[in-house]
Amino acid sequence: MKKANNKKGKIGSSFDDFLKEDGHYEGVTARAIKRVIARQLDELMRREAISKTQLALRMKTSRAQLDRLLDPENDSVTLGTLARAAQAVGRHLRMELV
């Protein structure tokens, strides 16, 4: 009986490798980050009892723009909008290249 030679129980390449090879890694990663940020904002709004109207006023934007920001499926939000949202809930937006 021949024993498989694999590290840490992994067989083949990772899902990240698959996405990179397929040319979809950057897009999938960007959408995932946007979804996480939208969920974090939603959670902070609930925890601190901030309504959408209040947050829109703090951000100096419209409710429609805020709805786009909070929509995890909408990935057309700018970095400026994300930074204003973070500031409006007393947080900082941190991004880095890795």
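In what follows, the structure referred to is the one given above.
Criteria and cut-off values
- Residues numbered from 1 in each chain as written.
- Predicted model: local features only at pLDDT ≥ 70, side-chain atom pairs only at ≥ 80, totals over all residues.
- Heavy atoms only, no water.
- Axes fitted to C-alpha atoms, helices over the stretch in contact; angles between N-to-C directions.
- Helix = DSSP H or I, 4+ residues; strand = E, 2+ residues; numbered from the N terminus.
- Parallel < 35°, antiparallel > 145°, perpendicular 65-115°, else oblique.
- Contact = heavy atoms within 4.5 Å.
- Nonpolar A, V, L, I, M, F, W, Y, C, P; charged D, E, K, R; others polar.
- Salt bridge = Lys/Arg side-chain N within 4 Å of Asp/Glu carboxyl O.
- Buried < 20%, exposed > 50% of the residue type's maximum accessible area, 1.4 Å probe, protein only.
- Polar contact = N/O pair within 3.5 Å; in protein donor to acceptor, adjacent residues only side chain to side chain.
- Patch = residues over 30% accessible without salt bridge, like charges linked within 9 Å, V, L, I, M, F, W, Y side chains within 5 Å.
- Areas by Shrake-Rupley, 256 points an atom, 1.4 Å probe, with all protein chains shown as cover.
- Lys, Arg positive; Asp, Glu negative; His and termini not counted.
- Charge placed at Lys NZ, Arg CZ, Asp CG, Glu CD.
- Arc of directions from axis to C-beta.

*Asks:* What exactly am I supposed to notice about the packing of helix 2 (residues 25–47) against helix 4 (residues 63–70) here?
*Replies:* Pairs of packed helices are described in terms of their axes, by the angle between the two and the distance that separates them. Two numbers describe how helix 2 lies on helix 4: the axes approach to 8 Å, and their chain directions differ by 120 degrees. Relative to helix 4, helix 2 is oriented oblique. On the side of helix 2, the interface is formed by Lys-34, Ala-38, Leu-41, Asp-42 and Met-45, while helix 4 contributes Arg-68, Leu-69 and Leu-70. Residue composition of the contact of helix 2 with helix 4, grouped by class: 5 nonpolar, no polar and 3 charged.

*Asks:* Looking at this model, I keep getting lost on the pattern of salt bridges. Mind explaining?
*Replies:* Any two side chains of opposite charge can pair, on the condition that their charged atoms come close. With the rule as written, the count across this model stands at 5 salt bridges. Arg-46 serves as the salt-bridge partner of Asp-42, at 2.6 Å between the closest nitrogen and oxygen. Here Arg-46 and Asp-42 lie together in helix 2, a separation of 4 residues that amounts to about one turn. Overall, the relative accessible area of 62% leaves Arg-46 in the exposed class. The residue Asp-67 makes a salt bridge to Lys-52 at a minimum N-O spacing of 3.2 Å. Residue Asp-67 is found in helix 4, and its partner Lys-52 is found in helix 3 (residues 52–59); the two are separated by 15 residues along the sequence.

*Asks:* What is the right way to look at the side chain of Thr-81 in this model?
*Replies:* With respect to the secondary-structure elements, Thr-81 resides in helix 5 (residues 79–88). There is a polar contact of 3.0 Å between the side chain of Thr-81 and the side chain of Thr-78. Ignoring anything within four residues of it in the chain, the contact list for Thr-81 reads Met-59, Gln-65 and Leu-69.

*Asks:* Mind showing me how you'd approach a negative patch on the surface here?
*Replies:* The grouping of Asp-16, Asp-17, Glu-21 and Asp-22 at the surface amounts to a negative patch. Structurally, Asp-22 can be placed in helix 1 (residues 15–22). Judged by relative accessible area, which is 42%, Asp-22 ranks as partly exposed.

*Asks:* Could you clarify how one ought to interpret unusual backbone geometry in this entry?
*Replies:* Across residues other than glycine, the phi torsion is negative in most instances, and most of the peptide bonds are trans. The backbone of Ala-49 sits at a positive phi, close to 50 degrees, despite the residue not being glycine. Structurally, Ala-49 is set in the loop between helix 2 and helix 3. In this model, Lys-60 sits at a positive phi of 60 degrees, which is unusual for a non-glycine residue. Inspection of the secondary structure assignment puts Lys-60 in the loop between helix 3 and helix 4.

*Asks:* Just to check I follow, could you spell out helix 4 for this structure?
*Replies:* Residues that lie three or four places apart on an α-helix share one face, since the helix turns once every 3.6 residues. By the burial criterion, the buried members of helix 4 are Gln-65, Leu-66, Leu-69 and Leu-70. Angularly, the buried residues of helix 4 cover 135 degrees about the axis, an arc narrow enough to put them on a single face. For helix 4, the secondary structure elements touched by its buried residues are helix 2, helix 3 and helix 5.

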